[in-house]
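Observations on the three-dimensional arrangement
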Amino acid sequence: MRRDADRLRREARPWRLLFVVYWLALTLGTHWPGLGLGTKLQPAPDKLIHMLAFGVLTLLLSRTRWMGLPWLAGLAVLLWTGLDELTQGMGVLRRNITYQDMLAGMLGVCLVTVWLWALGPIGGRANRVRLRWRAFIFADLFCRRDGWLAVGAAAGGGGALVGAITWLSASGTRHALTIVFLAATVGAMSAAGAIAGVLYNRHARRLSLQHPCFACGSSCRGVAFDDLGRGRCPVCGGTVHCGQWSHSIDERLSTPKVRSVVIAVVASWITYWIVMEIVSRFGLTRGLVRWFDTLAGDLQLALHLTGMGLIVAMTVRLYRFQLSQSYDGQHVRCRGCHHSLLKTPLTHGRGVCGECGTEFVLVAPDQVTE
Ligand SMILES: [Zn+2]
Ligand SMILES: [Zn+2]
């Protein structure tokens, strides 16, 4: 199934606009003559700001679809991070090139790139159809102004609120700005994520009634399906599956899933600290530890956050792999009660478990939807 060019442009346009505006603003900020944040008594977390700023640039570039694969976007921003820092050495700007700033920016780029991979396509046919449906809903949500306004307002409001509350208790301490920055970032991301989740579920319900073609977005209601559930989009001619909008393809996060993710995240953080403890006691790495100790405090924090972020990304990828297997095998073993479905009859590539009533789909081999 090829993605319709008009649809692709429509989905990418807001991201392209945002990327260009953000890129210009970031370049202006990093080259502003003599710009320094914070005071001597309360230093600003420069390195964490670099990490976040270039991480966001990577995310935006990958959403513009100019670069194709996420790691190409990551590579492009990685080169830009180096160039951006080198050009700050121009005398008139009264700024210094610090390789530590550059390293911090690059950590952000790498972290975001690995996360894009961790959350990227995975699994077999049924799971890919499920992911296409999710990606379609998400992209459609951000084709709308109200989607952007709601998520943007939540990020701004959440960040400001959590930042202000943290400021009240942390102000006066030496690391106040670092703590406030981290808290505000977490607040903004959580609020934006929560609102995006609510909007996503609402939008998913609305779109599932319209049966949109994933390639061009036209409604496929009334399309005829063959025995395997295959049909053709009346507008672009792309293949659609009669179960691609069903609940067996898309399920919300349930409490046990969230719980297992939380356990996995905590376990990976503990693993990270154990590995760090072993490394710091290991003779051969003493040089590395000495180098680490010479770095700015907030760069050390940025390195730890990257290490933990990478481990959690791996865990998420592993979890998604297991989840994909249960979606891909949904026509063999019921996802609800594990009853065998091999003898259960199918109509148009869909069936219902005789034991518990859970719906399932079978996606034909020629319906690979990349
Ligand atoms: Zn179509
Ligand atoms: Zn069942």
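Predicted, not measured: the structure shown is a model, and the values here were computed from it. (Residues numbered from 1 in each chain as written. Chains lettered and ligands numbered in written order. Predicted model: local features only at pLDDT ≥ 70, side-chain atom pairs only at ≥ 80, totals over all residues. Heavy atoms only, no water.)

Secondary structure summary: the protein chain contains ten helices and four strands in total. When the helices and strands of the protein chain are placed in sequence order, the string is α-α-α-α-α-α-α-β-β-α-α-α-β-β. With respect to the three principal axes, the spread of C-alpha positions in the protein chain is 70 × 45 × 40 Å. When the 370 residues of the protein chain are sorted by exposure, 39% land in the buried category. Nonlocal contacts in the protein chain, meaning residues at least 24 apart in sequence, comprise 70% of its contacts between residues at least 6 apart. (Helix = DSSP H or I, 4+ residues; strand = E, 2+ residues; numbered from the N terminus. Buried < 20%, exposed > 50% of the residue type's maximum accessible area, 1.4 Å probe, protein only. Contact = heavy atoms within 4.5 Å.)

Only Cys213 (SG), Cys216 (SG), Cys233 (SG) and Cys236 (SG) from the protein coordinate the zinc ion (ligand 1), and they sit 2.2 to 2.3 Å from it. As a motif over one chain, the donors of the zinc ion (ligand 1) read C-x2-C-x16-C-x2-C. Pair noted here: Cys216 is in the loop between helix H7 (176-210) and strand E1 (230-232) and Cys233 is in the loop between E1 and strand E2 (239-241), with a separation of 17 residues, a long-range link. Side by side, Cys216 and Cys233 carry an identical accessibility label, which is buried. (Donors = N, O, S within 2.8 Å, 3.2 Å for Na, K, Ca; no water.)

Across its 26 residues, helix H6 (residues 145-170) extends 37 Å between first and last C-alpha, which sits within 8% of the 38 Å expected from 1.5 Å per residue. All of the buried residues in H6 are Gly147, Val151, Ala154, Gly158, Gly159, Gly163, Thr166 and Ala170. The elements touched by buried residues of H6 are helix H5 (125-141) and H7. Backbone geometry just downstream of H6 places Gly172 in the positive-phi region, at approximately 100°. (Expected span 1.5 Å × (residues − 1).)

So, about the coordination of the zinc ion (ligand 2). Every protein donor of the zinc ion (ligand 2) is listed here as Cys334 (SG), Cys337 (SG), Cys353 (SG) and Cys356 (SG), and their distances to the metal cover 2.2 to 2.3 Å. Relative to the metal, the four donor atoms surrounding the zinc ion (ligand 2) lie at angles of 104 to 114°, and the coordination shape comes out tetrahedral. Written as a sequence motif, the donor arrangement for the zinc ion (ligand 2) is C-x2-C-x15-C-x2-C. Residue classification places Cys353 among the buried residues on the basis of a relative accessible area of 3%. (Tetrahedral: all angles 85-135°; square planar, octahedral: opposite > 155°, others 65-115°.)

A cluster of nonpolar side chains, Val258, Val262, Val266, Ile270, Ile274 and Ile278, forms an exposed patch at the surface whose accessible area comes to about 520 Å². Along the chain, the position of Val266 falls in helix H8 (residues 255-281). (Patch = residues over 30% accessible without salt bridge, like charges linked within 9 Å, V, L, I, M, F, W, Y side chains within 5 Å. Areas by Shrake-Rupley, 256 points an atom, 1.4 Å probe, with all protein chains shown as cover. Salt bridge = Lys/Arg side-chain N within 4 Å of Asp/Glu carboxyl O.)

Throughout the structure, instances matching the rule amount to eleven aromatic pairs. A centroid spacing of 6.0 Å and a plane angle of 75° characterise the contact between Phe19 and Trp66, whose relative ring orientation is edge-to-face. In this pair, Phe19 is assigned in helix H1 (residues 5-31) and Trp66 in the loop between helix H2 (46-64) and helix H3 (70-86), connecting sequence segments 47 residues apart. Here Trp66 falls in the partly exposed class, since its relative accessible area comes to 45%. Among the aromatic side chains, those forming a connected cluster through ring pairs are Trp15, Phe138, Phe142 and Trp148. In this structure, Arg63 packs its charged tip against the face of Trp15, placed 4.9 Å from the ring centre. Over the ring of Tyr327 we find Arg335; its NZ or CZ atom is 3.8 Å from the centre of that ring. (Phe/Tyr/Trp six-rings, centres within 6.5 Å; stacked < 30°, edge-to-face > 60°. Lys NZ or Arg CZ within 6 Å of the ring centre and 35° of its normal.)

Membership of the largest hydrophobic core comes to 21 residues, with the highest contact counts inside it found for Trp133, Cys213, Cys220 and Trp245. Looking at this core, the elements with two or more residues in it are H5 and H7. The leading source of residues in this core is H5, at five residues. Val77, Val109, Phe142 and Val151 belong to the second largest nonpolar core, which has 17 residues in total. (Core = buried A, V, L, I, M, F, W, Y, C linked by side-chain atoms within 4.5 Å.)

Attention now moves to the pattern of salt bridges. Counted by the stated rule, this structure contains nine salt bridges. Between Arg230 and Asp226 there is a salt bridge, with the nearest N and O atoms lying 2.9 Å from each other. A residue is classified by how much of its surface remains accessible, and Arg230, at 25% relative accessible area, is partly exposed.

As a further point, take the environment of Thr87. If you trace the backbone, Thr87 turns up in the loop between H3 and helix H4 (99-118). Residue classification places Thr87 among the partly exposed residues on the basis of a relative accessible area of 28%. Sequence separation of Thr87 and Ile137 is 50 residues, and the distance between their C-alpha atoms is 40 Å.

Under the 1.5 Å per step criterion, the end-to-end length of H5 is 24 Å for 17 residues, consistent within 8% with the ideal 24 Å. Considered for burial, the residues of H5 that qualify are Ala126, Asn127, Val129, Arg130, Leu131, Arg132, Trp133, Phe136, Ile137, Ala139, Asp140 and Leu141. Lining the buried residues of H5 we find H1, H2, H6, H7 and helix H10 (297-328).

Keep in mind these numbers describe shape, not what the thing actually does.
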